[in-house]
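So you can see what is in the structure, the chains are spelled out below.
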Number of protein chains: 2
Amino acid sequence: MTIFEYSRQQLEKFYNEQVSLLAEYKAKGLKLDMSRGKPAPEQLDLTNEMLTHCLDGDHISERGVDCRNYGVLDGIFEAKRLLMPMLGIGRYEIIIGGNSSLQLMYDTIARAMLLGVKGSPKPWCKCDRVKWLCPSPGYDRHFAMCEAFGIEMITVPMNADGPDMDMVEKLVSEDEEIKGIWCVPKYANPTGVTYSDEVVKRFANLKPKAPDFRIFWDNAYCVHDLYDEPENLLNILEECKKTGKQDMVFIFGSTSKISFPGGGIAAIGASEENISFMKEQMSYQTIGYDKLNQLRHAKFFKDFDGLMEHMKKHRSIIKPKFEIVLNALDEQIKPLGIGKWSNPKGGYFVSFNGEEGTAKRIVALCAETGVVLTKAGAAFPYGKDPEDKNIRIAPTYPTCDELKAAMEVFCVAVKLATAEALLNK
Amino acid sequence: MTIFEYSRQQLEKFYNEQVSLLAEYKAKGLKLDMSRGKPAPEQLDLTNEMLTHCLDGDHISERGVDCRNYGVLDGIFEAKRLLMPMLGIGRYEIIIGGNSSLQLMYDTIARAMLLGVKGSPKPWCKCDRVKWLCPSPGYDRHFAMCEAFGIEMITVPMNADGPDMDMVEKLVSEDEEIKGIWCVPKYANPTGVTYSDEVVKRFANLKPKAPDFRIFWDNAYCVHDLYDEPENLLNILEECKKTGKQDMVFIFGSTSKISFPGGGIAAIGASEENISFMKEQMSYQTIGYDKLNQLRHAKFFKDFDGLMEHMKKHRSIIKPKFEIVLNALDEQIKPLGIGKWSNPKGGYFVSFNGEEGTAKRIVALCAETGVVLTKAGAAFPYGKDPEDKNIRIAPTYPTCDELKAAMEVFCVAVKLATAEALLNK
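For clarity, every value in this text was computed on a predicted model and none was experimentally measured. (Residues numbered from 1 in each chain as written. Chains lettered and ligands numbered in written order. Predicted model: local features only at pLDDT ≥ 70, side-chain atom pairs only at ≥ 80, totals over all residues.)

### A few points about the overall build of chain A
Inference 1: Counting its regular elements, chain A contains 13 helices and 13 strands.
Inference 2: Here chain A has a C-alpha radius of gyration of 23 Å; the compact-globule value for 425 residues is 22 Å, and the two agree.
Inference 3: Its C-alpha atoms give chain A principal-axis dimensions of roughly 75 × 55 × 35 Å.
Inference 4: Within chain A, the fraction of its 425 residues that count as buried is 55%.
Inference 5: When contacts within chain A are restricted to residue pairs at least 6 apart in sequence, those whose partners lie at least 24 apart make up 77%. (Helix = DSSP H or I, 4+ residues; strand = E, 2+ residues; numbered from the N terminus. Rg over C-alpha atoms; globule rule 2.2 N^0.38 Å. Buried ≥ 20, exposed ≤ 12 C-beta atoms within 10 Å, placed from the backbone. Contact = placed C-beta atoms within 7 Å.)

### Considering the sheet that holds strand β2 (residues 94–96) of chain B
Residues and elements named next belong to chain B.
Inference 1: Pairing within the open sheet is mixed, and its 8 strands lie in the order β2-β9-β8-β7-β6-β3-β4-β5. The two strands at the open ends of the sheet, each matched to only one other strand, are β2 and β5 (162–163).
Inference 2: Relative to strand β9 (residues 266–269), strand β8 (residues 249–254) runs antiparallel, the two being bridged by 4 bridges. The residue bridging F252 from the neighbouring strand is I268, located in β9.
Inference 3: Here helix α3 (residues 77–87) sits on the sheet and contacts β2, β8 and β9; the angle it forms with β2, its principal contact strand, is near 125 degrees. (Pairing = 2+ DSSP bridges. Axes fitted to C-alpha atoms, helices over the stretch in contact; angles between N-to-C directions.)

### Some remarks on the packing of helix α12 (residues 359–368) of chain B against helix α13 (residues 400–423) of chain B
All names here are of chain B.
Inference 1: Contact geometry for α12 and α13: axes closest at 9 Å, N-to-C directions at 135 degrees. Considering their axes alone, α12 and α13 lie oblique with respect to each other. In this structure, α12 meets α13 at a crossing whose hand is right-handed. Of α13, the residues touching α12 (which contributes R361, I362, L365 and C366) are V409, F410, A413, V414, L416, A417 and E420.
Inference 2: Here the contact of α12 with α13 is built from residues that sort into 9 nonpolar, no polar and 2 charged. (Parallel < 35°, antiparallel > 145°, perpendicular 65-115°, else oblique. Left-handed = near helix turned anticlockwise from the far one by under 90°. Nonpolar A, V, L, I, M, F, W, Y, C, P; charged D, E, K, R; others polar.)

### Some words on the domain arrangement of chain A
Residues and elements named next belong to chain A.
Inference 1: Partitioning chain A into structural domains gives domain 1 (3–43 + 308–423) and domain 2 (61–302).
Inference 2: Using only C-alpha atoms to locate each centre, domain 1 and domain 2 end up separated by 31 Å.
Inference 3: Taken residue by residue, the interface counts 24 residues in domain 1 and 27 residues in domain 2.
Inference 4: Listed by contribution, the elements that provide at least two residues to the side of domain 1 that touches domain 2 are α11 (304–333) and β13 (390–393).
Inference 5: Its residues assigned to classes, the side of domain 1 that touches domain 2 comprises 12 nonpolar, 7 polar and 5 charged. (Domains from an automatic or database assignment.)

### Focus: the relation of the copies chain A and chain B
Inference 1: Between the two copies, chain A and chain B, the superposition gives an RMSD of 0.0 Å; the rotation angle is 180 degrees and the shift along the axis is 0.0 Å. In the structure described here, the two chain copies are related by an operation that fits a two-fold rotation axis. Across chain A, the smallest distance between a C-alpha and the rotation axis is recorded for T52 of chain A, namely 2.3 Å.
Inference 2: Both copies contact each other with a shared surface, as 100% of the interface residues of chain A are interface residues in chain B too. (Least-squares fit on C-alpha atoms with pLDDT ≥ 70 in both.)

### Side note on unusual backbone geometry
Inference 1: Each neighbour pair has its own omega, and for S136 of chain A with P137 of chain A the value is 5 degrees, a cis peptide bond.
Inference 2: Along the chain, P137 of chain A turns up in the loop between β3 (131–136) and α5 (140–149).
Inference 3: Look at the link from N189 of chain A to P190 of chain A: it is a cis peptide, with omega at 0 degrees.
Inference 4: Relative to the helices and strands, P190 of chain A resides in the loop between β6 (178–183) and α7 (197–204).
Inference 5: With a phi close to 60 degrees, Y382 of chain A is a non-glycine residue in the positive phi region.
Inference 6: Inspection of the secondary structure assignment puts Y382 of chain A in the loop between β12 (371–373) and β13.
Inference 7: Phi is positive for Y187 of chain B, close to 45 degrees, though the residue is something other than glycine.
Inference 8: Mapped onto the fold, Y187 of chain B is located in the loop between β6 (178–183) and α7 (197–204).

### Points about the packing of helix α1 (residues 8–27) of chain A against helix α13 (residues 400–423) of chain A
Residue and element names in this part refer to chain A.
Inference 1: Where α1 meets α13, the closest approach of the two axes is 9 Å, and the angle between their N-to-C directions is 145 degrees. Crossing angle aside, the handedness with which α1 passes α13 is left-handed. Taking contact as the criterion, the partners of L11, E12, F14, Y15, Q18, V19, L21, L22 and Y25 in α1 are, on α13, E408, V409, V412, A413, K415, L416, A419, E420, L422 and L423.
Inference 2: Of the residues assigned to the contact of α1 with α13, the class counts are 14 nonpolar, 1 polar and 4 charged.

### Points about the interface of chain A and chain B
Inference 1: Listed as interface residues are 41 residues of chain A and, on the opposing side, 41 residues of chain B.
Inference 2: Secondary structure elements with two or more residues in the side of chain A that touches chain B: α2 (41–45), α4 (101–114), α5 and α10 (291–301) of chain A.
Inference 3: Ranked by the residues each element gives to the side of chain A that touches chain B, the list is headed by α4 of chain A, at 6 residues.
Inference 4: For the side of chain A that touches chain B, the class distribution of residues is 22 nonpolar, 12 polar and 7 charged.

### Regarding the confidence of the model for chain A
Caution applies to low-pLDDT regions: their predicted coordinates should not be interpreted in detail.
Inference 1: Averaged over every residue, the pLDDT of chain A is 97; residues scoring 70 or more account for 100%.
Inference 2: Here the predicted complex carries an ipTM of 0.96, next to a pTM of 0.97. (pLDDT = per-residue confidence, 0-100.)

### Some details on the pairing of strand β3 (residues 131–136) of chain B
Residue and element names in this part refer to chain B.
Inference 1: Within β3, 6 of the 6 residues are buried, which leaves it mostly tucked inside the rest of the structure.
Inference 2: Going residue by residue along β3, you find K131, L133 and P135 tucked away on one face and W132, C134 and S136 tucked away on the opposite face as well.
Inference 3: Note that β3 and strand β4 (residues 152–159) share 6 bridges and pair parallel. Its bridge partner lying in β4, P135 is registered against V156.
Inference 4: In this region the chain leaves β3, passes through helix α5 (residues 140–148) and returns to the parallel neighbour β4; the handedness of that crossover is right-handed.
Inference 5: In the sheet, β3 pairs with β6 via 3 bridges, with the strands oriented parallel. The partner of W132 across the bridge, within β6, is G180. (Right-handed = clockwise from strand over helix to strand, strands pointing away.)

### Some remarks on helix α6 (residues 165–174) of chain B
Residue and element names in this part refer to chain B.
Inference 1: The complete set of buried residues in α6 reads M165, V168 and V172. Relative to the axis of α6, the buried residues are bounded by an arc of 55 degrees and lie together on one face. The exposed set on the far side of α6, more than 90 degrees from its buried face, consists of D166, K170 and E174.
Inference 2: Contacts from the buried residues of α6 go to β3, β4, β5, β6 and α7. (Arc of directions from axis to C-beta.)

### Here we look at the sheet that holds β13 of chain A
Residue and element names in this part refer to chain A.
Inference 1: With antiparallel pairing, 3 strands are arranged side by side in an open sheet as β10-β11-β13. Edge strands, defined here as strands with exactly one partner in the open sheet, are β10 (340–341) and β13.
Inference 2: Of the pairings in the sheet, the one linking strand β11 (residues 350–353) to β13 comprises 4 bridges and is antiparallel in character. If you follow F352 over to β13, its bridge partner there is I391.

In structure tokens:
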């Protein structure tokens, strides 16, 4: 029997049981954090060797660059070679950046605002208004960035195969104030969706009214598969070349969840013309990024095959954690008929949709009980989930035991909040 | 007898001698680079150990932060403690950035343009015009940055004790479009000048018309002394606190010429209020900079005393190079009465002023002979030296033998260009 079939009496009893259970958990004084997509310490241990003997007495790149000294704005070749296949781009289509792809995205928008991108009639900050399409639920930091820049966000629904392309096509072709769209095309944050071939092709075929419209393709989880058969994402840059719109896309990625978050290397991919244009602009910002860290990564992983092998080690650590989350939901929430959630084949999140109007309450109940979740609504522009039902669960950081405890709390909170909502109806 | 006392006949003979000499050098096929302030490989060897065993099995900061993972936007405490005394700032007055102080400066201006600084009536990009004071000769990358942002540069003469403060005071108090000034206050690039106490005090007493005017205090060479008795620079932030104008200054520095250029750590210093304001703005750009590199630096140098000890090793390598340059000029150019040059007590440059209208010619003659110098005029806004006489000499990168050869060429080029100019008068 689902919770929706309960009599009022059954519902009240059920509610009271959950209140007692939550009080018991509260008494335990838990302190668990499932708020961010943060790798666990044992994942970081996998690349510890990179920090020690990796550079023993050898700081010279294959092409003779002393990586300890100034220069080489776009990065050393072996670092490019490592990340080119990861992002599906060629040798003249890549710039290796600093330690953060988020920073590369911010800097790319900041440059567009102040200087414009290739083909901009004027810098975006000189436009009356700049608008952005935001497939939602999406990545909270993407949306926060738009908000900081004063860019008006337009929510686009996320379907099972990617953003609602009817809406995307219509909006970009009609409104020249729309300058960009956020995409996390593989194992999306937080929905876990990988864009279908058709969606990618429709992106490559967009006919934006703004001549300087850009797709921000944040391929953060491109090699972060949880299963032997990875979901396949079509190569956006290649598709765009076929339609002659190769300047329409900026691709981002990093090793933050491959080596070290904050101690990895990031990259931007784009058409050769975009890359040249950006390099010129970037030359005023920096003489170059940290090439020693680039060399460290190239030496440690050796090549893209080595990097992919390494990802299997991450998988063996985090897959059981995803299973703990999904098992708990399947066992405790599914029989009650409450909500829906993703069953991701990769990435860092499980996206949970409770009943309408319960997400904030669930997150608050968890917080009171010592379990920190991402703020409810965070996955929507301006932090506002119109239905107040989406919660992002990040299973990777806690230990398996901690995660089990946290999911116990979470499931009770879901039950309590749902019963409460039904009683108040 | 100086060259100015030569008869026309003597001058012609002298000129022809230099032409022959330069042809001889040219035949040698030299390839020498004195264009940038780049440390020599043997300077970089001094910190090689930082790249290997420094982090052996220990990635946890004093305060328990796992430096391999996300977080701590403003940097780990031991990195702050290392750089606080270097920049003369307190624990709440510092943010540790990435690998480049230039990037911190760029980002600071970019944020000011797009979002404004604390106290800005509006973002600078919304102003009709933004102007900047540029003490010159100065650092070419500072000026290039202004040019890239479309900021109008106003040249301010450099005196022996710092910028012409009468002019600075007058301009900033009268023109609210002036939002900033570039300063390299110690061993300035390229003049080697350290600002006098009076100049620093006058900076702290500025009464700018723009409420959001900022002094950009690029203390790039703060610990880069060439002699036992370093020149002393007054603490600008402390002076500004005395006048209640502590929000008026942004201080920048890095270990680029202490550890590795491009592989070091950079910092920004400012009032506590400015730092809080900036941290909030920066939180949209990045989750945090590379804390592993911060930890590496803190562990290697241990403390500021350790860092200062380390600087003595750099000094022992580069001081002889400065002597080669100065000896060559003293022996070969001074007796002829040509030009003037700096005798810096620290920093990375010798600033050479030839006769009016000869700098471009000297740089071109050197280039033809295989000796690359910084572009003539580079030390002035828009790359235009009004008198075409200033040349920046960067002695650190070449070996002593290379430098001797390069200075031979340089001195002959100076003689040739000067004689040529006199003959053409």
